[in-house]
Amino acid sequence: MANTASLRLSPLQKKRAKDIFSSPIASAAAVIIAVLWTIPTFGLLVSSIRPEQDINNSGWWTFFVNPSVSFANYEKVLFVGTGVNPPMFQYFFNSLAVTIPAVIFPITLAVFAAYALAWFEFKGRDFIFFSIFALQVVPLQLTLVPLLQLFAKGLVIGETTIIPDLGITGTYIPIWIAHTIFGLPLAIFLLHNFLRQIPRELVEAARVDGANWFTMFTKIVLPLSVPAIASFLIFQFLWVWNDLLVGLTFGAGSKSVAPMTVRLAEMVGTRGSGWEVLTAGAFISIIVPLIVFFALQRYFVRGLLAGSVKG
Amino acid sequence: MRGSTWDVIAPNLTLLVISLVAFAAVIYALFLIGSRASVRWQGWLRYGVFLGPALLLLVVGLIYPALRTIWMSFMDKRAENFIGFDNYIWAFTIPEIQLVLRNTILWVVFVPLLSTLIGLAIAYMTDRMKSASVVKSLVFMPMAISFVGASVIWSFVYNFEPNPNDPEIGLLNAIARVVGVEPRNWLLEPPWNTFFLILVLVWIQTGFAMVILSAAMKNIPDEVVEAAMLDGASNWRRFIRVTLPMIRGTLVVVLTTITIGTLKVFDIVRTMTGGNFQTNVIANEMYAQSFRQLNYGQGSALAVILFVGVIPIIWYNVRQLRLERTER
């Protein structure tokens, strides 16, 4: 870089350079794409607050010519069930109840494992780390049926019961465990990369001070890894909240534990429910991750970058 | 109705609270024991506490089931008798499944390509733009929306009004009417319906590509860019000669990450068409075989095919990681 560093531009040249970059055409194109990208979501939001009659008889864009607002759709979808289906409110609760432990469990176990892999010296450490890294890309689908059978029947090889049938099918527990398992490889990988950057001297100093492996974790590792944990937290939250496949299969078809995505997919499938319920229902399910996303976008991006940008 | 909802929520809430408290209590207890144990004991205990739970879960919950699925892919419907490669022969010779494989290939080619191209374009256009963050946030936003939510959003865009005298409430058909194209049910007509579904995933993934590539562009030293400008390179030439080569590594990572995600696409197809009208893909057919037809053999074979599609990408990524580590 020594050669190019001498090629400093004058302020005027720099300004001209910036002008080329921020050419009005490029900016306009970027803005147009951004608008195009937002219109579908915006249309859904506008529709959800229109009266049922309007939604089904005119395009949502006519709202701006003929505005009439109604929150009846939200009331209907949230609190009124249809036939055997409980109201959305219950699925909303399920989504929360599924997500909170399914975020806390894997992060806790992953920080533990990342700490061990980054700071403990033992044989086979690299092998374990690379194996976990490779496990990241094992598709969920490859583990689905046997894992479900583990939950439903336990594990019996020959005559020996290795894992008994725990009778937890139809509760949240299989969903939590499944999400924990599927979240672990990425979480361990990201946190391990982060923990490796903590200077070795800090570890040595703590050891000399007589801090043991457990107090070292609570006193040094945990406080230092808060930013990395925050990044992964958002990741895992979005992944679990937005998941359909795990909720569908590990929820064992039970309506009392199914998250919102499962119900929403069902509603689209049957189409018995009109757009007034679908738009409001969809908006309820996407508003939570959208708030998290806009509030914590910086951490989210940091997490993405840690996972993807290499070199 | 509210009363009965509460009847379901109350026990669920109890389970939630008890589980969280139990989890915290166990960890607290382990730390209490661990921090007071003798040095010798601790040397062993630390592996059990820190590494044990994760390893156990990964071995029992990921490695064992994956191996068992591979084994089951050589077994019959109920996974009772060994039948060799029959399930794979089925997968590659039955026209229905060939269609599924073809569609999956369409997804895997077009989603990474389009998302990365559009993401790259936006990243470059906004690289030095003022107030680019608003533009980026809007393009990035679909990343936070579930595939199911996105399916509802786009089903609404593609909505078709069968009665020509009624106004179209779907945006696409309304535009079609204005420009004089006959409105149609876009999700019904193969092969184009697959592309309308692909568009949904492109809409979601473009933000990811943009954010990652944009960060990579910011990492290009100013001097390099300025030197290129002093040479009088045009925007296009600078993009080809300077920007692209400098972000090549990241570009590959973005492409492979999106490819892996696309291979597993399930929610969009299942929600929007149910895999009907010739839009089916592997992940959805795998679900249908395993959980509707209850044909574990064929379902497992499809899962294995999916996995084999991912292997080259795993291999490449592990190699990259190794290289990186040796460089450090």
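Model, not experiment: these values are computed from the prediction.

A. Structural detail: the overall build of chain A. Along its length, chain A carries 16 helices and two strands. Dimensions of chain A, computed from C-alpha atoms along their principal axes, come out at roughly 80 × 75 × 35 Å. Counting all 311 residues of chain A, 44% fall into the buried class. Relative to all contacts within chain A whose residues are 6 or more apart in sequence, the contacts with residues 24 or more apart total 71%.

B. Focus on the overall build of chain B. Secondary structure summary: chain B contains 14 helices and zero strands in total. Listing the helices and strands of chain B from first to last along the sequence gives α-α-α-α-α-α-α-α-α-α-α-α-α-α. Scaling as 2.2 N^0.38, a compact globule of 328 residues should have a C-alpha radius of gyration of about 20 Å, whereas chain B reaches 26 Å, well beyond that. Here the C-alpha coordinates of chain B stretch approximately 75 × 60 × 55 Å along the principal axes. The 328 residues of chain B split such that 43% are buried. Sequence separation of at least 24 residues holds for 67% of the intrachain contacts in chain B that already meet a minimum separation of 6.

C. Region of interest: the environment of T194 of chain B. Residue and element names in this part refer to chain B. Secondary-structure assignment places T194 in helix α8 (residues 192-218). Given 23 C-beta atoms within 10 Å, T194 falls into the buried group. Setting aside anything within four residues of it in sequence, one finds T194 in contact with N103, L106 and T279.

D. Seen up close, the interface of chain B and chain A. Counting residues at the interface gives 105 residues for chain B, matched by 103 residues for chain A. When residues in the side of chain B that touches chain A are grouped by element, the largest group, 17 residues, is from helix α2 (residues 39-72) of chain B. Class assignment for the residues of the side of chain B that touches chain A results in 68 nonpolar, 24 polar and 13 charged.

E. Structural view of the confidence of the model for chain B. Residue and element names in this part refer to chain B. For chain B, per-residue confidence averages 89 on the pLDDT scale, and residues scoring 70 or more make up 97% of the total. For chain B, helix α9 (residues 222-230) is the element with the lowest average pLDDT, namely 80, and helix α6 (residues 147-157) is the one with the highest, namely 95. For this predicted complex, the interface confidence reaches an ipTM of 0.90, while the overall pTM sits at 0.90.

F. Seen up close, the domain arrangement of chain A. Residues and elements named next belong to chain A. Domain boundaries in chain A define domain 1 (2-73) and domain 2 (88-308). Centre-to-centre separation of domain 1 and domain 2, based on C-alpha positions: 33 Å. Opposite the eight residues of domain 1 that make contact, domain 2 presents eight residues. Secondary-structure elements contributing two or more residues to the side of domain 1 that touches domain 2 are α3 (24-48) and α4 (52-57).

G. Seen up close, the nonpolar core. In terms of nonpolar packing, the biggest core is built from 173 residues, with A110, A113, Y115, I188 and L191 of chain A together with A54 of chain B touching the most fellow members. In terms of residue count, the dominant contributor to this core is helix α6 (residues 88-119) of chain A (19 residues). When near neighbours in sequence (up to four residues on either side) are disregarded, L191 of chain A contacts A110, V111, A114, S225, A228 and F232 of chain A.

H. The packing of α6 of chain A against helix α12 (residues 226-242) of chain A, seen in detail. Residues and elements named next belong to chain A. Packing of α6 against α12 brings their axes to within 9 Å, and their N-to-C directions diverge by 140 degrees. Classified by the interaxial angle, the pair formed by α6 and α12 is oblique. When the axes of α6 and α12 are compared, the crossing they make is right-handed. Across the interface between the two elements, S95, V98, T99, A102, V103, P106, I107 and V111 from α6 touch I229, F232, L233, Q236, F237, V240 and W241 from α12. Here the residues of the contact of α6 with α12 sort into twelve nonpolar, three polar and no charged.

I. Representation of the environment of F42 of chain A. Among the secondary structure elements, F42 of chain A is positioned in helix α3. For F42 of chain A and W61 of chain A, which are 19 residues apart along the polypeptide, the C-alpha to C-alpha distance reads 10.0 Å.

J. Quick look at α3 of chain A. Here α3 of chain A spans 36 Å end to end across 25 residues, near enough to the 36 Å set by a 1.5 Å rise per residue. Residues of α3 of chain A that are buried include every one of A26, A30, I33, A34, W37, P40, T41, G43, L44, S47 and S48 of chain A, and no others.

K. Looking closely at the domain arrangement of chain B. Per the domain assignment, the segments of chain B are domain 1 (2-72) and domain 2 (86-327). For domain 1 of chain B versus domain 2 of chain B, the distance between C-alpha centres works out to 35 Å.

L. How the structure looks around unusual backbone geometry. Residues and elements named next belong to chain B. Geometrically, the link from P190 to P191 is a cis peptide bond, its omega value of 0 degrees lying close to zero. Here P191 lies in the loop between α7 (171-179) and α8. Of note, F277 is a non-glycine position whose phi angle comes to about 55 degrees, a positive value. The residue F277 is located in the loop between α12 (267-272) and α13 (282-292) in this model. Judged by the 15 C-beta atoms lying within 10 Å of it, F277 is partly exposed. Look at L294: it is not a glycine, yet its phi comes out positive at around 50 degrees. With respect to the helices and strands, L294 occurs in the loop between α13 and α14 (296-327). Given 11 C-beta atoms within a 10 Å radius, L294 is considered exposed.

Conventions adopted
- Residues numbered from 1 in each chain as written.
- Chains lettered and ligands numbered in written order.
- Predicted model: local features only at pLDDT ≥ 70, side-chain atom pairs only at ≥ 80, totals over all residues.
- Helix = DSSP H or I, 4+ residues; strand = E, 2+ residues; numbered from the N terminus.
- Buried ≥ 20, exposed ≤ 12 C-beta atoms within 10 Å, placed from the backbone.
- Contact = placed C-beta atoms within 7 Å.
- Rg over C-alpha atoms; globule rule 2.2 N^0.38 Å.
- Nonpolar A, V, L, I, M, F, W, Y, C, P; charged D, E, K, R; others polar.
- pLDDT = per-residue confidence, 0-100.
- Domains from an automatic or database assignment.
- Core = buried A, V, L, I, M, F, W, Y, C linked by C-beta atoms within 7 Å.
- Axes fitted to C-alpha atoms, helices over the stretch in contact; angles between N-to-C directions.
- Parallel < 35°, antiparallel > 145°, perpendicular 65-115°, else oblique.
- Left-handed = near helix turned anticlockwise from the far one by under 90°.
- Expected span 1.5 Å × (residues − 1).

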